Amino acid sequence: MSLTTLETSLLSRIRATAPLHRHHCCRYHARHVPKPRGAEISQLLATYAAHPPQPITLSSLVAFGQPLTPKSLLHSVSYVLSEIPRRLARRVRALEMLPFIVGTNPYMAKTLKAYWDSFQFLATYPRVTSLDENAKFTAELKQLVESHRNDIPTMAKGFQECSKYMSPAQISNFLDGAIRNRISVRLIAEQHIALSQALEDRPKSGSTSHYGIVDMACSPAAMVKMCGEFVSELCEATLGAAPTIVIDGHQDTTFAYVPVHLEYILTEILKNAFRATVEHHYKQFGNTSTRPLPPVTVTISPPPSPFSPFLSLRVRDQGGGVSPSNMARIFSYAFTTAGHSNPDDDVGGGGPYAAQHVGGSAVIGEDTSGGEGNLFGEITAKGLQVGLGTIAGLGYGLPMSRLYARYFGGSLDLFSLDGWGSDVFVKLRSVDQAGNAEI
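Thresholds, definitions, all that
- Residues numbered from 1 in each chain as written.
- Predicted model: local features only at pLDDT ≥ 70, side-chain atom pairs only at ≥ 80, totals over all residues.
- Heavy atoms only, no water.
- Pairing = 2+ DSSP bridges.
- Helix = DSSP H or I, 4+ residues; strand = E, 2+ residues; numbered from the N terminus.
- Axes fitted to C-alpha atoms, helices over the stretch in contact; angles between N-to-C directions.
- Contact = heavy atoms within 4.5 Å.
- 1 Å grid on protein atoms, 1.4 Å probe; cavity = no way out; pocket = protein on both sides within 12 Å on 5 of 7 lines; lining within 4 Å.
- Points joined across faces, edges and corners; volume = space filled by probe spheres on them.
- Phe/Tyr/Trp six-rings, centres within 6.5 Å; stacked < 30°, edge-to-face > 60°.
- Buried < 20%, exposed > 50% of the residue type's maximum accessible area, 1.4 Å probe, protein only.
- Lys NZ or Arg CZ within 6 Å of the ring centre and 35° of its normal.
- Parallel < 35°, antiparallel > 145°, perpendicular 65-115°, else oblique.
- Left-handed = near helix turned anticlockwise from the far one by under 90°.

Looking now at the sheet that holds strand S8 (residues 421-429). The five strands are arranged S3-S5-S6-S8-S7 in an open sheet whose pairing can be described as mixed. What marks the edges here is a single partner per strand, and that holds for strand S3 (245-249) and strand S7 (411-417). Strand-to-strand twist in this sheet, taken as the mean axis angle between neighbours without regard to direction, amounts to 15 degrees. Direction of pairing for S7 relative to S8: antiparallel, over a ladder of seven bridges. By the bridge assignment, Leu414 is partnered in S8 with Val424. Contacting S3, strand S5 (296-301) and strand S6 (310-317), helix H10 (residues 220-239) crosses the sheet at an angle of about 170 degrees to S3. Where helix H11 (residues 259-285) meets the sheet, its contacts fall on S3, S5, S6, S7 and S8, and the angle it forms with S6 comes to roughly 20 degrees.

Per the counting criterion, the structure on display carries four cavities of 30 Å³ or more. Here the largest cavity defines a volume of roughly 110 Å³. In this structure, the largest cavity is lined by Leu88, Tyr115, Leu144, Val145, His148, Asp151, Asn181, Arg182, Val185 and Arg186. Those elements giving two or more residues to the lining of the largest cavity turn out to be helix H7 (131-147) and helix H9 (168-201).

What follows is about the packing of aromatic side chains. Per the stated rule, a full pass over the model turns up eleven aromatic pairs. Considering the side-chain rings of Phe64 and Tyr79, the 5.7 Å spacing of their centres and the 50 degrees angle between planes classify their relative orientation as tilted. Of this pair, Phe64 sits in the loop between helix H3 (58-63) and helix H4 (70-96) while Tyr79 is found in helix H4, placing the two residues 15 residues apart along the sequence. Here Tyr125 and Phe137 contribute two aromatic rings whose centre-to-centre distance is 5.0 Å and whose plane-to-plane angle is 65 degrees, an arrangement assigned as edge-to-face. Taken together, the residues span a long stretch of sequence, with Tyr125 in the loop between helix H6 (106-123) and H7 and Phe137 in helix H7 at a distance of twelve residues. One exposure class covers both Tyr125 and Phe137, and it is buried. An aromatic cluster is built from Phe255, Tyr257, Tyr407 and Phe408, whose rings are joined through pairwise contacts. The ring of Phe285 is capped by Arg291, whose NZ or CZ atom sits 4.1 Å from the centre of that ring. Sitting over the ring of Phe310, Lys427 keeps its end group 4.9 Å from the ring centre.

Moving on: the sheet that holds strand S2 (residues 214-218). Reading across from one edge, S1-S2-S4 is the order of the three strands in this open sheet, with antiparallel pairing throughout. A single partner strand is all that each edge strand has here, and the edge strands are strand S1 (210-211) and strand S4 (255-257). With two bridges joining them, S2 and S4 adopt antiparallel strand pairing. From the neighbouring strand, Cys218 faces S4, where its bridge partner is Phe255.

Let us now look at the packing of helix H8 (residues 151-161) against H9. Where H8 contacts H9, the two axes come as close as 11 Å, and the packing angle between them is 165 degrees. Between H8 and H9, the interaxial angle falls into the category roughly antiparallel. Crossing handedness for the pair H8 and H9: right-handed. On the side of H8, the interface is formed by Asp151, Ile152, Met155 and Phe159, while H9 contributes Ile171, Phe174, Leu175, Ala178, Ile179 and Arg182.

Listed below in structure tokens is the structure:
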């Protein structure tokens, strides 16, 4: 069958089913079958997709920077050009395997095209053999990373429009895989970009604890203070008051970790704790009460021994806890206790990396209505939550934070004492003590 005939056949299927699905999935957009790629690039993608990506080890994450030399940097760029296309190929295949009516949604088709374009760019990129060539490649890699900053909210918008055709569990599983893939791709890309910058700046900078995006002496206490200051200002502006933060435990502890991941996790947890504390206090004593707000307490516990590479954090609030009826849903992408979102709110998009590099709005579509019970309504109304907007309302800070903690072999768990407050326990694997643990 020729490509023209195939396109005609697929378009006929769309036209035949369009009247049935127009209200749910096609209210504002024409639907188009993604244009087929050439035979050569399609075969190249099939080859990459057939070979699973090599697992990233925590030791290999910093190996290219220990020591950082021109030779190690060229090894790093070879790793980028080998591993990222494999991961992009698998996401292309995952998107292509979605139900037909979902895969042809304009938002899903846009995401698929973006993955295809990035795969083709990296899979056909010529071998980098010099620092000058690497500088050119790194600039292009930065642009590629930037171009994907809104992938997750764009897909969420597509799933929102087509939620009738996939169950919430299927959508959550797909997004879990997409976000894990996103973490690995960004981790590899950002590490190479950071190493390239470090080698360029080395004559102008002194000693540092950073190996690319990994800080070998990351201070949880300093991160808590930084995130706490931001969330406190946000809470004051949104709710009119904010609790204090008390840091106890081993405040001088440092460990090897990726600071931008820890920043995202802490910001999301503190947002929840601050909002719950203020709203529970208002509920008990009214919003004109002069009674002081109970503090949010963060306890830091270092790895107990060289054989246990986990640092632990506990964030404790007195915000009334989570009701038993909601506990089963707190890690669902669809769940939020916030009200309807305001489409005029200005937040960034793209996950924790975008918080460093991207400002402004991540507007995905004109239809930004959402609320409790409307799957992904809150998500798509504001784009990805990155700590740049309101105190609550997107409904997936906790599931995103848990994925980031788990990616390095850690964990995130919430325990609630209904009517009193909540404890969030976070275990994070130290990079330098993790050996060849796969991530």
